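Below, each chain spelled out in residue letters.
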Amino acid sequence: MYEISVQTLWDRLFKDTPWPSIDAVAHFVDNDQVFCLLYREMWFRHLYARLSPTLKQRIDSWDNYCSLFQVVLHRVVNMQLPNQWLWDMVDEFVYQFQSFCQYRAKMKNKTEQEIALLRQYDQAWNVYGVLNYLQAFVEKSNIIQILEQEKDGLEQFTATDGYDYSGGSNVSKVLGYFSMVGLLRVHCLLGDYQTGLKCLLPIDISQQGVYTSVIGSHITTIYHYGFANLMLRRYVDAIREFNKMLLYIYKTKQYHQKSPQYEQILKKNEQMYALLAICLSLCPQVKLVEETVNSQLWEKYGEKMARMRRYDDEALQSMMSFSRMHAWSFLPTAVYFILQDAYRLQLKLFLYEVKQQQLLSGVRTFQVYSTISLGKLANYMEVDEPTLRSILLTYKHKTHAVDSEGKIISNADVDFYIDDDMIHVLESKAIKGYSDYLLRQIVKLEGVINDMDGIKLD
């Protein structure tokens, strides 16, 4: 009912108007507090989706979230809610936080009354408050311990999709689970990618989990996980997960066409293709990408990928601008009008990293050799041998990163070692797969069958 009927009612009865106020419906439920808080949460969610909230409404929504979360955190909750609903609650909470920061940043059009209201309610949508609530859900639910026990076969959290079939409530546990994804998202907005990935560590994204039971949660998790790894130079991890997610969307897209999230799925799909293009331009690990995804990628961004491999700043900025999440400066209200352009800073640091790698492009040209002398490669690259040694050491440094567990991982598409004055290139053979080819032929056959079904015979 929640996933289909509510959206249908939105479109049919309240497409361009707010829902009835809580005062108009509260008496039908004997002013039940939990019902009223949940109704108001959905009321504000509809307002953000279809209309433009005022500053007072933004603040009221924050107050409602605080009241609702206090109930969940400090009272016994004996109801079960759909995973989709619980995910939407966390997702909307982070979205409204981001929306408020964007709203507060645009000071030019603010009236004196609005500025006074911002000063008066300086704790509304405070970054520490948002982080504290998400972290409180994680701790209250004991979800980290539950996931650890599940590995030992002592829990069935994933097998039951988080639901409690023994008569208990799933609200606390599933909210705690999705809050880990919310923490990843907020830390990515803050530009703290390392901490964001640490918050997600309890969830094994290489396996199916509760996060994959809701398409919005699945896409959000992989998008932010991949973006964080991209910014931390863990290109292989980013490429691997983007590839799996894009292949999954390619296979299942037709089943989500009637979903209210379909447009958002398509948007994130395009953004992840753009991020994958950036990753492959900086780390050409094409062997990690399925043929279907690779062909779609070159069809969409082939020309820009060629430019990015030449380290074209304009192409890189264009792709980052399209695929980015906004990084925001979450300043205290006392200094909110001294806003720094956090996105420009994020882009500047990224382009600086790319510039450092630009000097390394010549290194990849010698992968056609099994061995080559330092002198020969130095002549080819038009540098002296000491400079070449520095470039090779820099290449080793830039193609290695530190993972969440503190281990050094390699992103190198060309692996080599130096013995005396000879460079020895290590070969890596890609494993040829046939499943992707078979999948594409099945899709083509389905297309032909659909076309034939649409033909009317006289």
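Keep in mind it's a predicted model, so treat the numbers as computed, not measured. Starting from 1, residues in each chain are numbered consecutively following that chain's sequence as written. With the structure being a predicted model, the display of local features is reserved for residues of pLDDT at least 70 and the display and counting of side-chain atom pairs for 80 or more, all residues being used for whole-chain, interface and lining totals. Only hydrogens and water are set aside; all other atoms, that is, all heavy atoms of the structure, feed into the side-chain values.

**A closer look at helix α10 (residues 193-200)**
Using a 1.4 Å probe on the protein chains alone, a residue whose accessible area is under 20% of its type maximum counts as buried, one over 50% counts as exposed, and one in between counts as partly exposed. Each helix is a run of H or I in the DSSP string that is no shorter than four residues. Each strand is a run of E no shorter than two, and both are numbered from the N terminus. Restricting attention to buried positions, one finds in α10 the residues Y193, G196, L197, C199 and L200. Across the axial projection of α10, the buried residues extend over an arc of 155°, all falling on one side. The arc under discussion is defined with respect to the helix axis, by the directions toward the C-beta atoms.

**Topic: the sheet that holds strand β5 (residues 422-426)**
Should DSSP find at least two bridges between two strands, the strands are taken to pair. Here we have 3 strands laid out as an open sheet, ordered β1-β5-β4, and antiparallel in their pairing. The open sheet has two edge strands, β1 (371-373) and β4 (415-419), and neither has a second partner. Direction aside, the axes of adjacent strands within the sheet are offset by 25° on average. Any two residues whose heavy atoms approach within 4.5 Å at even a single point are treated as in contact. Interaxial angle, 0 to 180 degrees, is taken between N-to-C directions of lines fitted to C-alpha atoms, where a helix line uses only the stretch in contact. Lying on the sheet, helix α17 (residues 374-381) is in contact with β1, β4 and β5; it crosses β1 at an angle near 75°. Along the sheet, helix α18 (residues 385-398) contacts β4 and β5; its crossing angle with β4, the most-contacted strand, is approximately 140°.

**Thoughts on the confidence of the model for the protein**
What pLDDT conveys is the predictor's confidence in a given residue, as a value from 0 to 100. Confidence along the protein averages 84 in pLDDT terms, with 90% of residues attaining 70 or more. Contacts of residues 327-340 to residues separated by more than four positions or lying in other chains number 35 contacts, the stretch itself having pLDDT below 50.

**A word on a nonpolar patch on the surface**
Within the patch definition used here, like charges are joined within 9 Å and nonpolar side chains (Val, Leu, Ile, Met, Phe, Trp, Tyr) within 5 Å, considering only residues with over 30% relative accessible area and no salt bridge. Calculation of accessible area relied on Shrake-Rupley with a 1.4 Å probe; when residues are assessed, cover is drawn exclusively from the protein chains displayed. The salt bridge definition used is simple: a Lys or Arg side-chain nitrogen within 4 Å of an Asp or Glu carboxyl oxygen. On the surface, a nonpolar cluster with roughly 640 Å² of combined accessible area is contributed by L445, V448, I449, M452, I455 and L457. The residue I449 is located in helix α19 (residues 435-453) in this model. You can call I449 partly exposed: its relative accessible area is 39%.

**A closer look at the packing of aromatic side chains**
Think of it this way: a Phe, Tyr or Trp ring, Trp meaning its six-membered ring, pairs with another when their centres are within 6.5 Å, and the plane angle makes it stacked under 30 degrees, edge-to-face over 60, tilted otherwise. For the structure on display, the rule yields 20 aromatic pairs. With 5.0 Å between their ring centres and 80° between their planes, F69 and F93 make a pair best called edge-to-face. A residue pair is termed long-range when its members are at least 10 positions apart, and F69 in helix α4 (residues 55-74) and F93 in helix α5 (residues 83-105) qualify at 24 residues. One exposure class covers both F69 and F93, and it is buried. Measuring from centroid to centroid gives 6.4 Å for Y163 and Y165, while their planes differ by 45°, and the two rings are tilted. For Y165, a relative accessible area of 68% puts it in the exposed group. Here the aromatic cluster, defined as three or more aromatic residues joined through ring pairs, consists of W62, Y65, F69, F93, W125, Y133 and F137. Criterion for a charge above a ring: Lys NZ or Arg CZ within 6 Å of the ring centre, and within 35 degrees of the ring normal. Across from the ring centre of Y223, 3.8 Å away, lies the NZ or CZ of K268, which sits over that ring. One Lys or Arg, K300, reaches over the ring of Y273 and ends 5.3 Å from the middle of that ring.

**Examining the nonpolar core**
Joining through side-chain atoms within 4.5 Å is the link that ties buried Ala, Val, Leu, Ile, Met, Phe, Trp, Tyr and Cys residues into a set, and such a set is a nonpolar core. In this structure, Y177 and F350 are the most contacted members of the largest nonpolar core, which totals 119 residues. Those residues in contact with F350, other than ones at most four positions away along the chain, are L230, M231, I278, L282, L316 and M320. Judged by nonpolar contacts, the second largest core, of 14 residues, contains L374, M381, F416 and I423.

**Looking at the pattern of salt bridges**
Two side chains that carry opposite charge are able to pair once their charged atoms sit near each other. By the definition in use, this model includes 10 salt bridges. The partner of D91 in a salt bridge is R185, and the shortest N-O contact between them spans 2.5 Å. Residue D91 is located in helix α5, and its partner R185 is located in helix α9 (residues 171-190); the two are separated by 94 residues in the primary sequence. A residue is classified by how much of its surface remains accessible, and D91, at 25% relative accessible area, is partly exposed. Among the charged side chains, a salt-bridge network with shared partners connects E41, R45 and D88.

**With respect to the pairing of β5**
Covered by surrounding structure in β5 are I423 and V425 only, the residues M422, H424 and L426 on the alternate face being uncovered. Of the pairings in the sheet, the one linking β1 to β5 comprises 3 bridges and is antiparallel in character. Opposite T371, over in β5, you have H424 as the bridge partner. Sheet topology places β4 next to β5; 5 bridges connect them, and they run antiparallel. From the neighbouring strand, D419 faces β5, where its bridge partner is M422. In textbook terms, the turn of a hairpin is the stretch between consecutive antiparallel strands, and for β4 and β5 this stretch comprises 2 residues, one of which, D420, has a positive phi near 60°.

**Here's the deal with unusual backbone geometry**
Residue D30 is not a glycine yet carries a positive backbone phi of 55°. D30 gets classed as exposed once you look at its relative accessible area, which sits at 69%. Not every positive phi belongs to a glycine, and R233 is a case in point at roughly 70°. The residue R233 is located in the loop between α11 (215-231) and α12 (235-252) in this model. Given the relative accessible area of 16%, R233 is considered buried.

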